[in-house]
Amino acid sequence: MSDSYLQDLFADRIGGKNYGKSTAIYKFEKIKRAKRAALAANPGAEILDLGVGEPDEMAFPEVVAKLSEEAGKPENRGYADNGDDVLKQAAARYMDRVCAVRGIDPETEVVHSIGSKAALSILPAALVNPGDCVLMTTPGYPVFGTHAKYYGGTVHPLPLLEANGFLPDLDSVSADVLRKCKALVLNYPNNPTGASATPEFFAKVVEFAVKHRIVVIHDAAYAALVFEGKSLSFLATPGAKDVGIELHSASKSFNMTGWRCGFVAGNARLVRAYADIKDNSDSGQFLAIQHATAHAFDHPQITEKIAAKYLRRMSGLVDMLKERGFAAVKPKGSFFLYVKAPKSARGKSGHWKFENAEACSQWLITEKFISTVPWDDAGAYLRWSVTFSARDAADEQRVLNEIRARLSDVTFEF
Ligand SMILES: Cc1ncc(COP(=O)(O)O)c(C=O)c1O
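Note that the structure is a prediction, hence the values are computed from the model and not measured.

## A few points about the sheet that holds strand β15 (residues 410-413)
In spatial order, the strands read β11-β10-β15; together these three strands make up an open sheet with antiparallel pairing. Sheet topology places β11 (350-353) and β15 at the edges, where each strand pairs with a single neighbour. For this sheet, the mean angle separating the axes of adjacent strands, direction not counted, is 15 degrees. Across four bridges, strand β10 (residues 344-347) lies against β15 in antiparallel orientation.

## Describing the packing of aromatic side chains
Both the distance between ring centres and the angle between the ring planes are used here to describe each pair of aromatic rings. The final tally for this structure, using the stated rule, is 22 aromatic pairs. Here F166 and Y338 contribute two aromatic rings whose centre-to-centre distance is 5.3 Å and whose plane-to-plane angle is 80 degrees, an arrangement assigned as edge-to-face. Note that F166 is positioned in the loop between β4 (154-159) and α6 (175-180) and Y338 in strand β9 (residues 336-340), a separation of 172 residues in sequence. Y338 shares its class with F166; the two are buried. Their ring planes at 90 degrees and their centres at 6.1 Å tell us that W363 and F412 sit as a pair that is edge-to-face. One end of the pair, W363, is in helix α13 (residues 357-368); the other, F412, is in strand β15, and 49 residues separate them in sequence. An identical accessibility class is assigned to W363 and F412; each is buried. In textbook terms, an aromatic cluster arises when at least three aromatic residues are bridged by ring pairs, as seen for F326, W352, F354, W363, W384, F412 and F414.

## Brief notes about the packing of helix α1 (residues 27-41) against α13
Taken N-terminus to C-terminus, the directions of α1 and α13 make an angle of 25 degrees; their axes are 9 Å apart at the nearest point. By the angle between their axes, α1 is roughly parallel relative to α13. Considering the relative orientation of α1 and α13, their crossing is right-handed. Contacts between α1 and α13 pair K27, K30, I31, A34, K35 and A38 from the former with E358, Q362 and I365 from the latter. Its residues placed into classes, the contact of α1 with α13 shows four nonpolar, one polar and four charged.

Rules and cut-offs
- Residues numbered from 1 in each chain as written.
- Predicted model: local features only at pLDDT ≥ 70, side-chain atom pairs only at ≥ 80, totals over all residues.
- Heavy atoms only, no water.
- Pairing = 2+ DSSP bridges.
- Helix = DSSP H or I, 4+ residues; strand = E, 2+ residues; numbered from the N terminus.
- Axes fitted to C-alpha atoms, helices over the stretch in contact; angles between N-to-C directions.
- Phe/Tyr/Trp six-rings, centres within 6.5 Å; stacked < 30°, edge-to-face > 60°.
- Buried < 20%, exposed > 50% of the residue type's maximum accessible area, 1.4 Å probe, protein only.
- Parallel < 35°, antiparallel > 145°, perpendicular 65-115°, else oblique.
- Left-handed = near helix turned anticlockwise from the far one by under 90°.
- Contact = heavy atoms within 4.5 Å.
- Nonpolar A, V, L, I, M, F, W, Y, C, P; charged D, E, K, R; others polar.

Structure below.
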């Protein structure tokens with residue numbers, strides 16, 4: 001097919017004239033293709049999928065019932081714009097009860113989001129001018145950085161290293177970079193490392209932000225999914241509300257990924273800037289969804305049940321991988337286990353060398369029908385999610401036993 005003039009019109013940020021012509025295959029597409037090929041070569045095989053980044057279960061029945069009730073109310077039918085009071089007030093209660101953040105003003109310090117992904121795509125418009133720099137941890141969830149670049153900004157990566165507890169080394173940023181910096185984006189409990197922050201680290205972040213006049217955006221998508229202790233909110237840090245905002249979402253904590261609802265809370269001026277851009281981008285999430293999400297945020301015991309399930313699975317997975325030689329350490333939260341990828345596997349039928357985590361992950365799919373997500377951004381690691389499909393506790397055990405059995409005929413070298 002010859003190019004029409006349309007091909008000349010694409011913006012440089014998505015490739016300009018070359019848009020759509022790249023033959024590069026990205027990580028998640030490679031995983032999908034490998035799974036498809038493994039199934040085609042072995043019809044009927046069960047792929048054990050630990051690569052999934054979302055819950056395996058539906059929202060709790062009471063939340064679904066609330067949605068159904070709210071969807072029937074005529075007053076909820078129209079444009080929601082920046083939302084009514086219901087979710088804002090539930091968010092403030094949630095911040096108090098679950099995150100120990102007192103005194104959030106629902107009127108000025110909270111606005112809903114159509115999920116944290118949408119909020120992360122909106123926020124750069126409020127902060128980034130051409131030439132500005134944003135600090136982003138790597139590996140990490142890239143959405144804020146992608147949009148910062150759309151606006152002519154640059155991304156300065158902060159590697160998350162095991163030696164540093166997967167916390168970024170803020171002292172590593174040069175004065176030159178800091179002069180251009182507008183924002184620092186953090187995410188704890190972290191995807192993909194599963195690491196949690198500490199109050200001391202967050203205190204250092206506040207100090208750093210004030211000193212270098214930087215906005216802090218804390219993506220707390222996994223904040224409530226904790227296996228020990230309480231959720232740690234950045235906003236619970238003294239001074240945090242003067243420098244930043246925090247993003248919460250019902251997606252992971254309440255099995256509501258498809259519902260698209262969460263909230264942005266914190267510094268009133270930043271929340272307002274977010275709301276202003278949002279108002280020019282969308283017309284708000286359906287009020288029935290907002291109200292059902294408010295119901296979820298008012299019932300944190302739902303998250304506690306979900307976290308208990310993940311903890312049960314996580315403990316089994318960690319034990320099993322340790323048996324196979326992996327340096328697996330149980331995270332304090334999230335549903336991700338991030339472990340160093342082996343350099344090779346040796347068994348009766350072969351000796352396979354892996355040049356990186358991606359090669360190992362491809363081998364796991366092809367040879368063992370086990371899907372993980374590889375990360376090679378700061379060391380070679382595999383991310384195992386405990387959101388694999390399993391009907392109940394017995395089925396979870398069956399899946400874990402199956403993984404153990406499939407890995408039992410090889411020795412891994414690290
Ligand atoms: C770190 C992180 N932030 C944000 C999101 C998106 O969450 P939401 O469903 O609220 O858009 C995800 C989803 O995978 C995530 O891992």
